Amino acid sequence: AIPSRTTPVPDAELAPLEQAVNAARRALDRDEYELARAHLASARALELTAKAQQMMDAGRPLDALVPLDEALELGGRTARVLLLRGQAALQAAPASSSPQFFYEDATEHLVDALRAGAGVEIYFEASRAARRIPDPDKALALARRGAELLETAEPAPTITPHPSRTWAEAAFDVYIEK
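Residues numbered from 1 in each chain as written. Predicted model: local features only at pLDDT ≥ 70, side-chain atom pairs only at ≥ 80, totals over all residues. Heavy atoms only, no water.

Engineer: Would you mind showing me how to read the pattern of salt bridges here?
Structural biologist: When their charged atoms lie close together, side chains carrying opposite charge are able to pair. Applying the stated criterion to the full structure yields 13 salt bridges. Arg44 is the partner of Glu70 in a salt bridge, and the nearest nitrogen-oxygen pair spans 3.9 Å. In this pair, Glu70 sits in helix α3 (residues 61-73) while Arg44 sits in helix α2 (residues 33-57), placing the two residues 26 residues apart along the sequence. Salt bridges sharing partners connect three or more residues here, namely Arg131, Arg165, Glu169 and Asp173. (Salt bridge = Lys/Arg side-chain N within 4 Å of Asp/Glu carboxyl O. Helix = DSSP H or I, 4+ residues; strand = E, 2+ residues; numbered from the N terminus.)

Structure, rendered in structure tokens:
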């Protein structure tokens, strides 16, 4: 529940959604309407992302694309939203009549998530998506960069399938293509 104006709770103790709503309230109190609008858009993007996550958890990745696209339109281009959007497209691809579209879309959003600060393990997920386009050069570049960053990652994340397998498969695809 969102605390009332009479119950001061430090923002650090609140969930991100509640923080965004509180920030909007403070902006409204100062007559900063554009700032309040931006905070409310952020709050709505958080709600939509949570809804999409529930759909993904229920095995409905295609349905999750709609709230994720809306969250992105509201300015929620965070690593989390971009990552979830890429994962939804990747999961929706096999059941689609045009899977290549979804694999390209997944690769694009996963790469955008990396630019927004997603973890090193996403390089390998993006590489696997690029292999399915197929774009072996991009797949290899992503796997190679992920492997480089993985050497210095502390603590090293657990990645399945193993990163060396992803890198080897991408390298083999490039070899076969040439």
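Engineer: Help me understand the packing of aromatic side chains, please; the structure alone is not making it clear to me.
Structural biologist: The tally for this structure, following the rule as stated, stands at two aromatic pairs. Centre to centre, the rings of Phe101 and Phe102 are 5.2 Å apart; their planes meet at 80°, and the pair counts as edge-to-face. You can call Phe101 partly exposed: its relative accessible area is 48%. When the ring of Phe172 is compared with that of Tyr175, the centres are 6.3 Å apart and the planes differ by 35°; the resulting orientation is tilted. With a gap of three residues between them, Phe172 and Tyr175 both fall in helix α8 (residues 163-177), about one helical turn apart. (Phe/Tyr/Trp six-rings, centres within 6.5 Å; stacked < 30°, edge-to-face > 60°. Buried < 20%, exposed > 50% of the residue type's maximum accessible area, 1.4 Å probe, protein only.)

Worth remembering: the numbers are spatial, not functional.
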